[in-house]
Amino acid sequence: MTTIIGVSGSLRRGSFNSALLRAAAALMPVGVELKIESIEGIPLYNGDVEASEGIPNRVAELKTTIAGADGSLLVTPEYNNSMPGVFKNAIDWLSRPASDIPSVFGGKPVVVMGASPGRFGTALSQNAWLPVLRTLGTKPWFGGRLLVSRAQTIFDEHGSLKDEVTRKQLEQFLKGFAEFVQA
Ligand SMILES: Cc1cc2nc3c(=O)[nH]c(=O)nc-3n(C[C@H](O)[C@H](O)[C@H](O)COP(=O)(O)O)c2cc1C
């Protein structure tokens, strides 16, 4: 079984990005499990806290989970044409200490997708992640893109994916990434 860790970069209960992640979990190809993780409970990064108390338990736990998986799927909202601070903060904690970066992220398949009520479906946020993914030494997949725009028309009031075109696009996207992870 191939395991991919999926993380949504939103803490909002009605998050479109978390809804997209849940939809992805249900559409993974046979033989691939998408394990949903969360950035909930990760404190703001503070170098003094790291120096005096070390890595917070939740961060250490998530580092172990990501390190033990075959790949990661980051589902990013877009804030002010970039990634949300809360999501970047979580990844910053996960990159500490820097000596652990190779075992957590190094050479690991990663892909980014996202949803927005706007017209551009997180294109700029996804681009903003590129230098981060490069700095962490990941192996990003560029074989497909998933930009979910007008998200309020794509999900129903319970956060279920109701748009058939998007469902097909998501399925294709996940199939491509899964093949990349398994190659
Ligand atoms: C501070 C802030 C800035 C935002 N900037 C953008 C933006 O640049 N582009 C965009 O498409 N949506 C922007 N939005 C709208 C978000 O896409 C929208 O709130 C979305 O629902 C957030 O993702 P979520 O549903 O997963 O929480 C912004 C929202 C906030 C709170």
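This write-up is about the structure you can find in this document. (Residues numbered from 1 in each chain as written. Predicted model: local features only at pLDDT ≥ 70, side-chain atom pairs only at ≥ 80, totals over all residues. Heavy atoms only, no water.)

## Quick word on empty space enclosed by the protein
Logical step 1: Enumeration over the complete set of coordinates arrives at one cavity of 30 Å³ or more.
Logical step 2: Approximately 100 Å³ is the volume attributed to the largest cavity.
Logical step 3: Lining the largest cavity are 13 residues, with Ile66, Ser72, Leu74, Ile91 and Phe105 sitting closest to its centre.
Logical step 4: Taken together, the elements giving at least two residues each to the lining of the largest cavity come down to β3 (71-75), α4 (85-94) and α6 (123-135).
Logical step 5: Its residues assigned to classes, the lining of the largest cavity comprises twelve nonpolar, one polar and no charged. (1 Å grid on protein atoms, 1.4 Å probe; cavity = no way out; pocket = protein on both sides within 12 Å on 5 of 7 lines; lining within 4 Å. Points joined across faces, edges and corners; volume = space filled by probe spheres on them. Helix = DSSP H or I, 4+ residues; strand = E, 2+ residues; numbered from the N terminus. Nonpolar A, V, L, I, M, F, W, Y, C, P; charged D, E, K, R; others polar.)

## A look at the environment of Arg58
Logical step 1: Relative to the helices and strands, Arg58 is located in helix α3 (residues 57-68).
Logical step 2: For the pair Arg58 and Pro43, spaced 15 residues apart in sequence, the C-alpha to C-alpha distance is 9.1 Å.
Logical step 3: With residues up to four places along the chain from it excluded, the contact list for Arg58 reads Glu37, Ser38, Glu40, Gly41 and Ile42.
Logical step 4: A polar side-chain atom of Arg58 sits 3.0 Å from a polar atom in the side chain of Glu37. (Contact = heavy atoms within 4.5 Å. Polar contact = N/O pair within 3.5 Å; in protein donor to acceptor, adjacent residues only side chain to side chain.)

## A closer look at the site of the ligand
Logical step 1: Every residue near the ligand is listed here: Ser10, Arg12, Ser15, Phe16, Asn17, Pro77, Glu78, Tyr79, Asn80, Asn81, Ser116 and Pro117.
Logical step 2: Contacts to the ligand include Arg12, whose side-chain N or O atom sits 2.7 Å from an oxygen atom.
Logical step 3: The separation between an oxygen atom of the ligand and a polar side-chain atom of Ser15 is 2.5 Å.
Logical step 4: Relative to its free-state accessible area of 620 Å², the ligand is covered by the protein chains to the extent of 69%.
Logical step 5: Here the shell around the ligand is composed, by residue class, of four nonpolar, six polar and two charged. (Near = heavy atom within 4 Å. Areas by Shrake-Rupley, 256 points an atom, 1.4 Å probe, with all protein chains shown as cover.)

## Thoughts on the pairing of strand β2 (residues 32-37)
Remark: a regular strand shows side chains that alternate across the two faces of the sheet.
Logical step 1: With six bridges joining them, strand β1 (residues 2-8) and β2 adopt parallel strand pairing. Note on β2: the bridge partner recorded for Val7 is Glu37.
Logical step 2: In this fold, the crossover linking β1 to β2 by way of helix α1 (residues 16-26) has right-handed handedness. (Pairing = 2+ DSSP bridges. Right-handed = clockwise from strand over helix to strand, strands pointing away.)

## Let's talk about the pattern of salt bridges
It is possible for side chains bearing opposite charge to pair when their charged atoms get close.
Logical step 1: All chains considered together, the criterion is met by nine salt bridges.
Logical step 2: Between Glu37 and Arg58 there is a salt bridge, with the nearest N and O atoms lying 3.0 Å from each other. Here Glu37, found in strand β2, pairs with Arg58, found in helix α3; they are 21 residues apart in sequence, far enough to count as distant.
Logical step 3: Judged by its relative accessible area of 19%, Arg58 falls in the buried class.
Logical step 4: Linking Lys63 and Asp100 is a salt bridge whose minimum nitrogen-to-oxygen distance equals 2.7 Å. Of the two residues, Lys63 is situated in helix α3 and Asp100 in the loop between α4 and α5 (101-104); the sequence distance between them amounts to 37 residues. (Salt bridge = Lys/Arg side-chain N within 4 Å of Asp/Glu carboxyl O. Buried < 20%, exposed > 50% of the residue type's maximum accessible area, 1.4 Å probe, protein only.)

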